[in-house]
Amino acid sequence: MQNKRFSPFVSSKNSIGKVMLDVIIALLPLCAFAFYTYRIWFLIVLGSALGGAILTEILFSGIFLKKWKGILDGSAIITVLLLVFTISPLTPWYVAAFGGSCAVLFGKILWGGVGKNKFNPALVGREFMTVFFPMVMSSGDIWSTKRIRYVYEVEWFNFIPNAHWAEFLNELFFVPTGALGEYSAVFLLLGGIYLIFRRRISWHIPAFLLVSFLSFLWIFEDQNLNYSLGGILLGAIFMATDMPSSPSSPAGKSYYGLMIGLVAGLCIQFGAGFEYMSYFILILNGFSTKINQVFMPRTWGTKIDWPKKIEEVFLLTLSVLTVTFAVLSLHYYGYIPYLIYIYIIYIIFKFNFSFSKKLHQPI
Amino acid sequence: MMHIPSLKYKTKKQPIAELKDASVYRIPLQSYRSTLQPLVKIGDQILQYQVLAEDVEHQFAAKIHSPVSGKVIAIDEHYISLKNDFQQQKITTEIIESQQLDLERFVQVLKDFGIAGIGGAEFPTNIKYKVEESKIKSLLINGIECEPYLTSDYAVMRHETEKLLKTIAVLNQIFQPEEIVIGIEKQHKELKKHFEKKFKNHPKLVIRIHLLPNEYPQGGELQFIKSVTNKEIPKGSIPANYGYLVSNVGTILAIYEALFNGIPTTERVITISGNAVNTTGNYRVKIGTPIRHILKELNIDAEDVDIVLGGPMMGKIVADLDSPIRKGSGGLLLFKKQQKSIENCIECGYCVNVCPQQLMPMQFVKGHQEDQNLLSQFNLEHCIECGACEYICPSNLPLMQSIVLGKVELQKMMYAK
């Protein structure tokens, strides 16, 4: 708390809590669909991930770092919801709890708290689960969820005489396959529209992401690509738009969305399997700071040096593609776990020598 | 830019009221980017409208005149203190033939009468109007008072309309602009009819009223020029070089007083308002009136409130109740003390979206805090300090503090090079 010495002396009623609340509101319908389809299985996964995350928050943010205030800001809930939405309802409870805990610890707390993370915490958590529980997470069994499903299909639009249209609409509203957040394309979109309407996200990232990803599919015309519409929508609307790990300017966001779509296409094309969702956003997360610099808005009354700008964008794109292929090669040879081990060592060192000293700084 | 609740209803309907004179005045010596040198000594007997101080060296701040007759009782670094003798003995000034003014003489009048930008910055008007060679395309009258609460410009437009038009007629004759535009916010659109009724008295004047959205900071000079003419002028340049003359309505009124009554800028209209005060209104006060005097006259209890001189977005907090009203103070506002807890920046980018200069304000917090190179890398020198970024910030980041202090650091770095 401090008294105001500098203008302005009025302020909007914005707060971090309100931003978080809006995201949670946008995610609630998806929770409802997950519960509708898998009931107790969904609750077990969600409950254990949430339990793991909250315990970690209390232990590390609270007891070790004495920052109790941040625990209830809602960011942990969003992280857990997004994490749970990317995994199967058959994920064992201890794996989910481990994921929730790692997402909060290695995705947020060790970076210095909410807002300071460079990578999306939910995806960090998911990557940790894949690396430390490879047998569970990459087994085909985990995705054969038919036997525990409570609902197989909906018949909400069967009143429409045209059977094709009816089926299409039914599936647009509900498909019971894939990860827990992917069941309703329509409600994923509605959540996105709500967030855009409330100005919690801007349209640039999802729009450019979808455009570039769909163009990629259209150009390569590969019918056998392994992806789900729900997964892509979840990534485009909720994951890629995570505020701290995405760029801030409209031009930067557009480029970021465009590149995620491209990287997503490449990842899927080169067979990154169930993990693609983590890769394509995490790769671009790493370039956010650089994108902010390159795509800084044009300052009022100044002109853009186009040749220089084009060169910068070209080099940036080149580095993004290089990193993408590097990650894909590591994936191909099964070396991704080492990347995560390096990340763990890096973040612990960084926290010890730098981030822990800046805990009180707001940025 | 963005919309901010204007809260002008508190004072909009109120006329311009007068205030009883104070017994002591404190004449500010700092103006724009310069400090004035006193031309009087302690003990001097002075006349009303006599010049008290001037920026002899740089000519980069407007002269200041005595609002009353009386005696100089103290001079320090920041103020000349006068004791009012309530005799109102005026200095004699020559009558200006406004019909036969040429540019050179007009600029001299502006200088002699201490005319400065009333909108806030107190930029000397004579420098602004010193048009060399370039032809004036537009004479733009800025009636956009985008700061919440303030209605002093509104009151001037509403109640001093004829004076404004008379002055505009003189400017028209001197500069022969291709067009004359008065900019008004949409929330005050009733003023359009009001002006148009008065236009009948000036058949030779062709004035266009331009209604602009209620956005902040629409009244910033650069933003105003862009909205009316679609021309984007970089910060730090003089609009006249691009063919635009821009003046606030309050400045036009000050020019009227000089031209038609021979009175230098020694008073202005201010709005008294805020969320911690019930006595609100628009008042004509003399420059140099101590805030303490105004509060006493209006029976305002200023215990435990924040007192702000200027608007709520760009005004300055008043630490000392004896500090005076300045030429650029559009308001005296009282706010309940607010304490805000600062949260972490979540990089939502709201500040980037609202910044009228298209900067990335959150980088200045980082720059001020740890890496000064970011300040110049992200063009801090282009910031107009409008405060929009801090208004919208959900984390209550100290953006303006970082910007104001960051600019000082930036200057130090420039000198070091």
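Residues numbered from 1 in each chain as written. Chains lettered and ligands numbered in written order. Predicted model: local features only at pLDDT ≥ 70, side-chain atom pairs only at ≥ 80, totals over all residues.

K.L.:
A description of the overall build of chain B should follow, citing residues and the corresponding values.
P.N.:
The number of helices and strands found in chain B is 13 helices and 20 strands. C-alpha atoms of chain B, sized along the principal axes, occupy 60 × 50 × 50 Å. Within the span of chain B, comprising 417 residues, buried residues form 49% of the whole. Sequence separation of at least 24 residues holds for 72% of the intrachain contacts in chain B that already meet a minimum separation of 6. (Helix = DSSP H or I, 4+ residues; strand = E, 2+ residues; numbered from the N terminus. Buried ≥ 20, exposed ≤ 12 C-beta atoms within 10 Å, placed from the backbone. Contact = placed C-beta atoms within 7 Å.)

K.L.:
Which residues make up the sheet that holds strand β5 (residues 37–38) of chain B, and what are the values?
P.N.:
The strands that make up a sheet are held in pairs by hydrogen bonds between backbone atoms, and each pair lies either parallel or antiparallel. All names here are of chain B. Ordered by their spatial adjacency, three strands build an open sheet running β5-β7-β8, and the pairing between neighbours is antiparallel. If you trace the sheet from one side to the other, it starts and ends with β5 and β8 (64–65), each paired once. Examined bridge by bridge, β5 and strand β7 (residues 51–54) share two bridges and lie antiparallel to one another. Bridge pairing links Q37 to E54 in β7. (Pairing = 2+ DSSP bridges.)

K.L.:
Account for the interface of chain B and chain A, naming residues and giving values.
P.N.:
Contacts between chain B and chain A engage 49 residues on the former and 34 residues on the latter. When contributions to the side of chain B that touches chain A are tallied by element, the ones reaching two or more residues are β17 (305–309), α10 (362–369), α12 (388–392) and α13 (399–416) of chain B. Counting residues per element, the side of chain B that touches chain A draws most heavily on α10 of chain B, which supplies four residues. When its residues are assigned to classes, the side of chain B that touches chain A shows 27 nonpolar, 14 polar and eight charged. (Nonpolar A, V, L, I, M, F, W, Y, C, P; charged D, E, K, R; others polar.)

K.L.:
Lay out the pairing of strand β9 (residues 70–75) of chain B with the relevant residues and their values.
P.N.:
The side chains of a regular strand alternate between the sheet's two faces. All names here are of chain B. Pairing of strand β6 (residues 45–46) with β9, which is carried by two bridges, proceeds in the antiparallel orientation. Following the sheet pairing, I46 is matched in β9 by G70. Where β9 meets strand β10 (residues 79–84), five bridges bridge the pair, whose relative direction is antiparallel. Each residue of the ladder has a partner; that of K71, found in β10, is K83. Here β9 folds back onto β10, and the loop between the two strands holds three residues.

K.L.:
Give me the lowdown on helix α4 (residues 161–175) of chain B, citing residues and values where you can.
P.N.:
Residues and elements named next belong to chain B. Relative to the 21 Å expected for 15 residues at 1.5 Å per residue, α4 spans 21 Å between its end C-alpha atoms, a close match to the ideal helical length. All of the buried residues in α4 are L164, L165, T167, I168 and L171. Summarising the axial view, the buried residues of α4 lie within an arc of 165°, below the 170-degree limit, and thus occupy one face. Two residues or fewer after α4 comes Q176, characterised by a positive phi angle close to 45°. (Expected span 1.5 Å × (residues − 1). Arc of directions from axis to C-beta.)

K.L.:
Outline the domain arrangement of chain A, supporting the account with residue identities and numerical values.
P.N.:
Size of an interface: often given as the accessible area lost when the parts come together. Residues and elements named next belong to chain A. For chain A, the assigned domains are domain 1 (16–196 + 335–363) and domain 2 (201–332). The C-alpha centroid of domain 2 is placed 21 Å from the C-alpha centroid of domain 1. Taken residue by residue, the interface counts 31 residues in domain 1 and 27 residues in domain 2. Mapped onto the side of domain 1 that touches domain 2, the elements with two or more residues apiece are α5 (121–132), α8 (185–197) and α15 (336–353). With seven residues, α8 is the single largest residue contributor to the side of domain 1 that touches domain 2. Here the side of domain 1 that touches domain 2 is built from residues that sort into 16 nonpolar, 10 polar and five charged. (Domains from an automatic or database assignment.)

K.L.:
Outline the sheet that holds strand β14 (residues 244–248) of chain B, listing residues and values.
P.N.:
Residues and elements named next belong to chain B. In spatial order, the strands read β13-β12-β11-β14; together these four strands make up an open sheet with parallel pairing. Of all the strands in the sheet, the pair left with one neighbour each is β13 (207–212) and β14. When the angles between neighbouring strand axes are averaged without regard to direction, this sheet yields 25°. Examined bridge by bridge, strand β11 (residues 138–142) and strand β12 (residues 179–185) share five bridges and lie parallel to one another. Bridging from a neighbouring strand, I141 pairs with I182 of β12. (Axes fitted to C-alpha atoms, helices over the stretch in contact; angles between N-to-C directions.)

K.L.:
Any chance you could break down the confidence of the model for chain A for me, citing the residues and the numbers?
P.N.:
The predicted model of chain A has a mean per-residue pLDDT of 91, with 96% of residues at 70 or higher. By mean pLDDT, strand β1 (residues 2–3) of chain A is the weakest element of chain A at 61, and helix α4 (residues 93–107) of chain A is the strongest at 97. (pLDDT = per-residue confidence, 0-100.)

K.L.:
Requested: an account of unusual backbone geometry, with residues and values cited.
P.N.:
In this model, S7 of chain A is joined to P8 of chain A through a cis peptide bond whose omega is -5°. Residue position: P8 of chain A is located in the loop between β1 and α1 (16–38). With omega at -5°, the peptide bond leading from Y216 of chain B into P217 of chain B counts as cis. Here P217 of chain B lies in the loop between β13 and α6 (221–229). A positive phi is found at Y49 of chain B, a non-glycine position, where the angle reads about 75°. Relative to the helices and strands, Y49 of chain B is located in the loop between β6 and β7. The residue Q358 of chain B is not glycine, and still its phi comes out positive at about 55°. Structurally, Q358 of chain B can be placed in the loop between α9 (350–354) and α10.

K.L.:
So what's going on with the domain arrangement of chain B? Which residues, and what values?
P.N.:
All names here are of chain B. Considered domain by domain, chain B is made up of domain 1 (98–261) and domain 2 (350–416). Between domain 1 and domain 2, the residue contacts involve five residues of the former and six residues of the latter. Tallied by class, residues from the side of domain 1 that touches domain 2 come to two nonpolar, two polar and one charged.

K.L.:
Could you give me a rundown of the environment of K71 of chain B, with the residues and numbers involved?
P.N.:
Residues and elements named next belong to chain B. As for its placement among the helices and strands, K71 is situated in strand β9. Residue K71 is classed as partly exposed on the basis of its 15 C-beta neighbours within 10 Å. Between the alpha carbons of K71 and K83 there is a distance of 5.2 Å; along the sequence they are 12 residues apart. Apart from residues lying up to four places away in sequence, K71 is in contact with G43, Q45, L82, K83 and D85.

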